Amino acid sequence: MTDAGKAFYVGADMNCGGACLLKVHVRDGAIVRIETDDTEEPQLRNCLRCRAYRQRVYAPDRVLYPLKRDGERGEGKFRRISWDEALETVAGEYRRISETHGPASVLYIATGADMGQIHNMKTALRVFCMAGGCSTIWGIASNEGWMFASQATYGVPSANDHRDLINSKLAILWGLNPVVVIDGCGTSYSLIRAKESGTRFIVVDPKFSDTAVLVADQWVPIRPGTDTAVMIAMAYVMITEGLHNKEFLDKYTVGFEHFEDYVLGKEDGTARTPAWAERISGVPARTIAGLAREYATTRPAALLPSKAPGRTAYGEQYHRAAFTLAAMTGNIGIHGGSAGSEITQRGERPPMGPAMRTGGNAVDAGSPRRPDALPSVISKGPGLAVRIHNNEVMDAILKGKAGGYYSDYKMLYMANSNYLNQYPNVNKAVAALRKLEFFAVQEQFLTPTAKFADIILPTCTFLERADAVEGAGPHIAYQPKVISPLGESRSHLDISQGLADKLGLSGFLDKPEEELLRDIVAPAVGDWEKFKEKGVQKYYPEPGVPFKAQIEDPANNPFPTPSGKIEIYSRLLADMNNPLLPAIPKYIETWESLNDPLAGKYPLQLVTSHHRRRAHSQFDNIPWLRELEPQAVKMNSRDARSRGIKDGDMVRVFNDRGRMILPAKVTERIMPGVVDIPEGAWYDPDANGTDRGGCPNVLTRDRRSPGGAFPANTCLVQIEKA
Ligand SMILES: Nc1nc2c(c(=O)[nH]1)N[C@H]1C(S)=C(S)[C@@H](COP(=O)(O)OP(=O)(O)OC[C@H]3O[C@@H](n4cnc5c(=O)[nH]c(N)nc54)[C@H](O)[C@@H]3O)O[C@H]1N2
Ligand SMILES: Nc1nc2c(c(=O)[nH]1)N[C@H]1C(S)=C(S)[C@@H](COP(=O)(O)OP(=O)(O)OC[C@H]3O[C@@H](n4cnc5c(=O)[nH]c(N)nc54)[C@H](O)[C@@H]3O)O[C@H]1N2
Ligand SMILES: [Mo]
């Protein structure tokens, strides 16, 4: 007998930056169709990945039972075991390894995926903290450079509200491609509304991105990793032509004079002119001067830099320079302007109840601070020297104490991460994962990383357990459990509870799951039962403007910096005395730039952008989405012609770290000298170790930027016909 079916509104959760609303139709205990938000405006409409989520839930390759490795690490041979055996093994290995080598020898990594209120990156961490502690990582791959720069300049991170774009006369989208990466819900809608109301758009990107196609009045192609030079030359034009807003700088900032000395060449004899920046960036001097004049004289104007140019070596400087330009033009704290921040809708909502705590990690206790950490993060984990930067994990596993790391790392427990695929230098990671004594992974699929695990613990999707997610709207969306977990897969909390039991820990959960969720979410949504029934609480503030209060009433609203002002010159950075983290924003040439001798061998700059058919590596295996666009390396026709490559040819992309074979997409939509291999494709080595999946991290370098930026867009390669 079939039932009539029921539709549920469910907040989506997959680390794509949105938390859009799905309308999930369920019949006879199975999902039959997924639609989108059809409730009141603003509608939180989802994109193709959510629409295809049914295929993810029912994917034939989902891991539905606990698995134990049968073959070599990486071979992908496993056999089914019971939950009892799986959890007993993980608990036993934690006990054995932490007793033999100390708890710091156990490393816990969780980097993304679902970020619900109760099922999230901290769930399993709490178990290990209760059991005696473990080592953890620091650094947000997305935007650590921006975090660092924000904390140094404004004291706090800030984000622009895309709905406010309609008030901008000019918007400079710097490496920003919201048509694909969305960054919140409804960004494209805001772009179109602004376009229709007359906003002029300039896109600065080595690629003629989908966003450029949609809205750009002008496209400025630029060599990756050289954005800071162009921004600093824009400052040169503004200063020498007297276009900068001196009153704003006097009133709200400190240290502009130091920056001015640097820009004009009084500090070291090099004037940072447009001609200087042209040689570095490939952007014509007259284009740079034009950008500077237009940005300084159009009011209000929004400079909206994305995270991607900050994911380069010394990416911190790019964000510091963007903030400085925003201050020089007085565009901070006003409608239609921008603090030089990312574009994500943000606004106020009532606070939630306290989140579930990890309860303190014994391995963190007593750790000295990192010398390059800002005070605002020192009291918190990321400022501790004991933490490993997310780019250096595999180096740390390979070298341990002998390499200057805090511990020798013997065990790795991973949740919500496809680390091998998503972090740099895959071939090095392969060696590191082979070296571990024990490796356990919580997964939904047999990912390239999971293939190296000794034990795989199957996790269910967000449609198979109850939680709530927060979107930048701001909105909070409920996630009802619309179907039962498939196979023997379990939720994060269930897995962690099982592990806690095996470790003999009591009090992992001090209340039932439903109460746990309610106590966190109800303070922000009011009536809990009504919220659950409706599925979403949307808060509708006017478009938010970061730092409005600090600008309108500075006496009562100082910036949370040591001076209370916007710090163009940062005393905190000066005190670090690190020339690679200078007190004022400076252009520092990246490693693997075109001036590097390595460019003789590897003359092409690689960028690794985010792809519309995936959320990182998630969905790479989903057939409906694979139909959209094959994984390929985008290259300019000039670079293709000189190599005898035609559109669709198989090509070899390589450098000293790795190699891959994949199709070439020959196009005019990327500048000569730059190639793009979108991140997230699954690493799939052939018998010779050549990747056939198109995973760009076989090529990227595992070295962190000094402030913690993740330099995935700093990488030289060569391409030849395969
Ligand atoms: N070259 C290059 N590399 C990059 C980037 C880049 O720009 N260039 N970007 C970086 C950025 S910004 C980020 S944020 C990282 C992301 O890198 P990761 O955090 O590794 O992200 P995902 O690829 O989404 O992998 C999440 C994994 O968790 C699994 N998983 C386990 N439990 C759950 C669950 O409950 N729910 C869900 N949804 N999944 C679960 C999923 O199946 C998936 O395999 O990648 C980084 N890597
Ligand atoms: N569809 C989809 N959306 C996503 C994600 C996803 O995986 N898929 N991931 C989400 C997450 S976690 C994150 S962190 C964000 C990432 O968001 P972003 O970092 O903004 O995304 P990217 O696609 O890496 O880069 C955006 C543009 O910057 C350009 N670019 C690269 N390097 C440079 C440079 O050096 N200078 C300049 N000027 N431009 C450069 C690229 O060509 C690209 O068009 O996206 C989020 N949204
Ligand atoms: Mo990210």
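Predicted, not measured: the structure shown is a model, and the values here were computed from it.

About the cut-offs
Residues numbered from 1 in each chain as written. Chains lettered and ligands numbered in written order. Predicted model: local features only at pLDDT ≥ 70, side-chain atom pairs only at ≥ 80, totals over all residues. Heavy atoms only, no water. Pairing = 2+ DSSP bridges. Helix = DSSP H or I, 4+ residues; strand = E, 2+ residues; numbered from the N terminus. Axes fitted to C-alpha atoms, helices over the stretch in contact; angles between N-to-C directions. Buried < 20%, exposed > 50% of the residue type's maximum accessible area, 1.4 Å probe, protein only. Right-handed = clockwise from strand over helix to strand, strands pointing away. Phe/Tyr/Trp six-rings, centres within 6.5 Å; stacked < 30°, edge-to-face > 60°. Lys NZ or Arg CZ within 6 Å of the ring centre and 35° of its normal. Near = heavy atom within 4 Å. Polar contact = N/O pair within 3.5 Å; in protein donor to acceptor, adjacent residues only side chain to side chain. Areas by Shrake-Rupley, 256 points an atom, 1.4 Å probe, with all protein chains shown as cover. Nonpolar A, V, L, I, M, F, W, Y, C, P; charged D, E, K, R; others polar. Domains from an automatic or database assignment.

Caption draft 1: Layout of the sheet that holds strand S10 (residues 200-204). Here four strands make up an open sheet; going across it, the order is S11-S10-S9-S13 and the pairing parallel. Pairing within the sheet leaves two strands with one partner each, and these edge strands are strand S11 (218-220) and strand S13 (301-305). Averaged over all pairs of adjacent strands, the angle between their axes in this sheet comes to 15°, without regard to strand direction. Taken together, the three bridges between S10 and S11 define a ladder with parallel strand orientation. By the bridge assignment for S11, Ile-202 is matched with Gln-218.

Caption draft 2: Seen up close, the pairing of S10. Counted residue by residue, S10 has four buried out of five residues, so it is predominantly covered. Relative to S10, strand S9 (residues 170-174) runs parallel, the two being bridged by five bridges. Across the sheet, the residue bridging to Trp-174 is Val-204, located in S10. Between the parallel pair S10 and S11, the chain is carried across by helix H8 (residues 210-215), and the sense of this crossover is right-handed.

Caption draft 3: A look at the packing of aromatic side chains. Inspection of every chain in the model, using the stated rule, returns 21 aromatic pairs. Between Phe-208 and Trp-219, the ring centres sit 5.2 Å apart and the planes meet at 65°, which makes this aromatic pair edge-to-face. Separated by 11 residues along the polypeptide, Phe-208 in the loop between S10 and H8 and Trp-219 in strand S11 bring together distant segments of the chain. An aromatic cluster of at least three residues, connected via ring pairs, comprises Tyr-94, Tyr-108, Phe-128 and Tyr-413. Between the NZ or CZ atom of Lys-6 and the centre of the ring of Phe-8, over which it lies, the distance is 4.9 Å.

Caption draft 4: Highlighting the site of ligand 2. What surrounds ligand 2 is a group of 33 residues, the closest being Asp-205, Asp-227, Arg-311, Arg-614 and His-616. With respect to ligand 2, the side chain of Arg-49 contributes an N or O atom lying 2.8 Å from a nitrogen atom. One of the backbone N or O atoms of Val-180 is found 3.1 Å from a nitrogen atom in ligand 2. Relative to its unbound accessible surface of 920 Å², ligand 2 loses 98% to contact with the protein. Its residues assigned to classes, the shell around ligand 2 comprises 12 nonpolar, 12 polar and nine charged.

Caption draft 5: Summary view of the site of ligand 1. The environment of ligand 1 is made up of 30 residues, and the closest members are Thr-111, Asp-114, Gln-422, Glu-443 and Ser-617. Gln-444 places a side-chain nitrogen or oxygen 3.4 Å from a nitrogen atom of ligand 1. Take Gln-618: an N or O atom from its side chain is 2.7 Å from an oxygen atom of ligand 1. Notes on ligand 1: free accessible area 920 Å², of which the protein chains cover 98%. Residue classes in the shell around ligand 1 are distributed as six nonpolar, 19 polar and five charged. For the shell around ligand 1, the domains that each give at least three residues are domain 1 (67-141 + 364-512) and domain 3 (597-721).

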